[in-house]
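# Descriptive analysis of the structure
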Amino acid sequence: MVASFMLTISCSKKKADDPLAESGRTQRTENLLANLREISANGYLVGHQDDPVYGVGWVGDSCRSDVKSVCNDYPAVIGFDLGHLELGDSLNLDGVPFDRMKQEIIRQYDRGGMVTLSWHLDNPLTGGSAWVKPDSLTDQEKQTVASVLEGGKCHEKFLGWLDILASFINSLETPYGVKVPVLLRPWHEHTGSWFWWGQNLCTTEQYKALWKLTVDQLKQRGVNNVLYAYSPGTEFNGDAAKYLERWPGDEIVDVIGFDSYCTNNAEDTVAINNYASSLDLNLKALCDIAKQHYVVPALTETGMESLGKEDWWTATLMPVLNKYPIAYVLLWRNAHNKPGHFYMPYPGQKTVSDFVKFYNDKRTLFVKDVNGLYL
């Protein structure tokens, strides 16, 4: 499968000039944004969380990937999470070494693919994880966002965490001196209340201030190789005004999306159909919003845990995605230590044949289809 708009010059073979664009970001970062706009009119990059560092039945192997084992190609997008980076840990919250993550980010760049980063950072006020229990929120949890903003109890601590984040992103540099552009997706799924930055844990203005503080501080620390993605859950239910309720500003956001998951019960056809209908409704609204705000639309997280529906790829997911000009879709991870927690097929899994059909569709783009995203 070769896309007609494939860029044929490999960025990995170019010399290491990395000039700044008028925006203050590196030219390659601006090129990535421009190419995501172009791609969204012709097809969509297919991504997978943690793809090259573990999969079903394996962990830590070099150059291995469940996706590659099935279709002989890497995902065009690979996602990683930075949770526990802020603590100074050597491993992220899913056990991925940050040194290995850095290596894989550079490898994905050299392949011509893209990397997206999320950040499930711990609660700086309570010392707990990023997650909270929506039905039993404590007063302290409801004060966490306020505590990290200017004047708050944890403001200086949070600035230190942003220092660590900036240092990591600035360190994403190839041996030939190019800073790797990445997509950062902070403060995601905020329309739910299961993270300490969620809907019922801060006001609209506090949430916007959290975004602005994050972006401003990263820029001040020399981070110029990042695109920013805004990605609530599906709670907006096709309502553009609700989607934009906590919008941090057109000058901050480059990519918009939402996170949506399908039931893992293959026999529950009603729930599967409801997922497809919701996806359709929300992607339509998303693409309309993207036009109005001149940002790039994407499906920032999705999947069917355990992939029990044999034709899920071509009968449920693809018919909806093919209707809309999204730039990418990210499937969640294939855990090596949690049986049944996988979202991409692996050799012998029941959806392999259907996934290969999905792979061969002219709109689905993997690494072999998009070499040159940064040119």
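A brief structural summary. (Residues numbered from 1 in each chain as written. Predicted model: local features only at pLDDT ≥ 70, side-chain atom pairs only at ≥ 80, totals over all residues. Heavy atoms only, no water.)

### Thoughts on the overall build of the chain
The condition that has to hold: By definition, any uninterrupted DSSP run of H or I lasting at least four residues is a helix, any uninterrupted run of E lasting at least two residues is a strand, and each is numbered from the N terminus. Computation of the radius of gyration draws on C-alpha atoms alone. For the globule rule, the value is 2.2 Å times the number of residues to the power 0.38. Burial classes follow relative accessibility: with a 1.4 Å probe on protein chains only, a residue under 20% of its type's maximum area counts as buried, one over 50% as exposed, and anything between as partly exposed. Contacts are assigned to residue pairs that have any heavy atoms within 4.5 Å of one another. Exposure was quantified through the Shrake-Rupley algorithm and a 1.4 Å probe, taking into account, for residues, occlusion by the shown protein chains and nothing else. The charged-residue count follows a simple rule in which Lys and Arg add positive charge and Asp and Glu add negative charge, with His and chain termini not counted at all. For this purpose, a charge sits on NZ of Lys, CZ of Arg, CG of Asp or CD of Glu.
In terms of regular secondary structure, the chain is built from 10 helices and 13 strands. Radius of gyration (C-alpha) of the chain: 20 Å, near the 21 Å computed for a compact globule of 375 residues. In terms of overall dimensions, the chain has a C-alpha envelope of 55 × 55 × 40 Å along the principal axes. A burial count over the chain gives 58% of its 375 residues as buried. The contacts in the chain between residues at least 6 apart in sequence include a share of 76% that link residues at least 24 apart. Summing over all exposed atoms, the chain offers an accessible surface of approximately 14200 Å²; the carbon and sulfur share of this is 49%. Positive and negative side-chain charges in the chain, numbering 35 and 46 respectively, have mean positions lying 4 Å apart.

### What about the nonpolar core?
What counts here: Among the buried residues, those of types Ala, Val, Leu, Ile, Met, Phe, Trp, Tyr and Cys that are joined through side-chain atoms within 4.5 Å form a nonpolar core.
Among the nonpolar cores identified, the biggest contains 119 residues, and Leu45, Ile105, Met114, Trp187, Trp197 and Ile256 are the most heavily contacted of them. Here this core gets 10 residues from one element, more than from any other, and that element is helix H8 (residues 269–293). Among all residues touching Ile105, those that are not within four sequence positions of it are Phe80, Val115, Leu117, Phe168, Leu172, Val180 and Val182.

### A word on the pairing of strand S5 (residues 114–118)
Filter applied, for reference: A pair of strands is considered paired only if DSSP assigns at least 2 bridges between the two. Assignment of crossover handedness uses the view with strands pointing away from the viewer, where a clockwise path from the first strand over the helix to the second indicates a right-handed crossover.
The buried fraction of S5 amounts to five of the five residues, a majority that puts the element mostly inside the structure. Sheet topology note: the strand S4 (residues 77–81)/S5 ladder contains five bridges and is parallel. Looking at the pairing, Gly79 lines up with Thr116 of S5. This β-α-β element, S4 to helix H3 (residues 98–111) to S5, shows right-handed connectivity. Sheet topology places S5 next to strand S6 (residues 182–185); three bridges connect them, and they run parallel. Counterpart to Ser118 in the pairing with S6 is Arg185.

### Considering H8
Formally: For a helix, the expected span equals 1.5 Å multiplied by the number of residues minus one.
When the terminal C-alpha atoms of H8 are compared, their 36 Å separation across 25 residues agrees well with the 36 Å that a helix rising 1.5 Å per residue should span. If you check which residues of H8 are buried, you get Ile272, Tyr275, Ala276, Leu279, Asn282, Leu283, Ala285, Leu286, Cys287, Ile289, Ala290 and His293. Backbone geometry just after H8 places Tyr294 at a positive phi near 50°.

### Considering the side chain of Gln349
Along the chain, the position of Gln349 falls in the loop between strand S12 (328–331) and helix H10 (352–360). Of the residues examined, Gln349 reaches a relative accessible area of 7% and is grouped as buried. Excluding its chain neighbours within four sequence positions, the residues that come into contact with Gln349 are Ser306, Leu307 and Phe342.

### Side note on the pairing of S12
Burial along S12 is two-sided: Tyr328 and Leu330 and Val329 and Leu331, pointing in opposite directions, are all buried. Note that strand S1 (residues 44–49) and S12 share four bridges and pair parallel. Opposite His48, over in S12, you have Leu331 as the bridge partner. By the bridge criterion, two bridges tie strand S11 (residues 299–304) to S12 in an arrangement that is parallel. When the bridges of S12 are listed, Leu299 appears paired with Val329. After leaving S11, the chain enters helix H9 (residues 312–321) and then returns to the sheet as S12, a path that is right-handed.

### Topic: the state of the cysteines
How we decide: Disulfide assignment relies on a single distance test, namely cysteine sulfur atoms paired within 2.5 Å.
Counted by the stated rule, this structure contains zero disulfides. The closest cysteine sulfur to the non-disulfide-bonded Cys262 is located on Cys287, 20 Å from its own sulfur. The class for Cys262 is buried, based on a relative accessible area of 7%.

### A word on the pattern of salt bridges
Note the following rule: Each salt bridge in this description consists of a side-chain nitrogen of Lys or Arg and a carboxyl oxygen of Asp or Glu lying within 4 Å of one another.
Tallied over the full model, the rule gives 16 salt bridges. Arg25 serves as the salt-bridge partner of Glu30, at 2.7 Å between the closest nitrogen and oxygen. Using a relative accessible area of 17% as the deciding quantity, one classes Glu30 as buried. Accessibility expressed as a relative area gives 16% for Arg25, which makes it buried. For Asp94, the salt bridge identified is with Arg333, shortest N-O distance 3.7 Å. Placement of Asp94 in the loop between S4 and H3 and of Arg333 in the loop between S12 and H10 is noted, with a sequence separation of 239 residues between them. Its relative accessible area of 22% is what places Asp94 among the partly exposed residues.

### Re the packing of helix H5 (residues 155–170) against helix H6 (residues 204–220)
The condition that has to hold: An axis is simply a line fitted to the C-alpha atoms; with a helix, the fit covers only the stretch in contact. Between two such axes, the angle follows the N-to-C directions and lies from 0 to 180 degrees. Here the word oblique covers every angle except those under 35 degrees (roughly parallel), over 145 (roughly antiparallel) and from 65 to 115 (roughly perpendicular). Throughout, a crossing is termed right-handed when the near helix is turned clockwise from the far one, and left-handed when it is turned anticlockwise from it by less than a right angle. Gly falls in the polar group here, along with every residue not listed as nonpolar (Ala, Val, Leu, Ile, Met, Phe, Trp, Tyr, Cys, Pro) or charged (Asp, Glu, Lys, Arg).
Two elements in contact, H5 and H6, have axes separated by 10 Å at closest approach and are oriented at 50°. Comparing the axis directions of H5 and H6 gives the class oblique. Viewed along their axes, H5 and H6 form a crossing whose handedness is right-handed. Note on element contacts: H6 touches H5 through Leu210, Leu213, Thr214, Gln217 and Leu218, opposite His155, Phe158, Leu159, Leu162, Leu165 and Ala166. When grouped by side-chain class, the residues that make up the contact of H5 with H6 number eight nonpolar, three polar and no charged.

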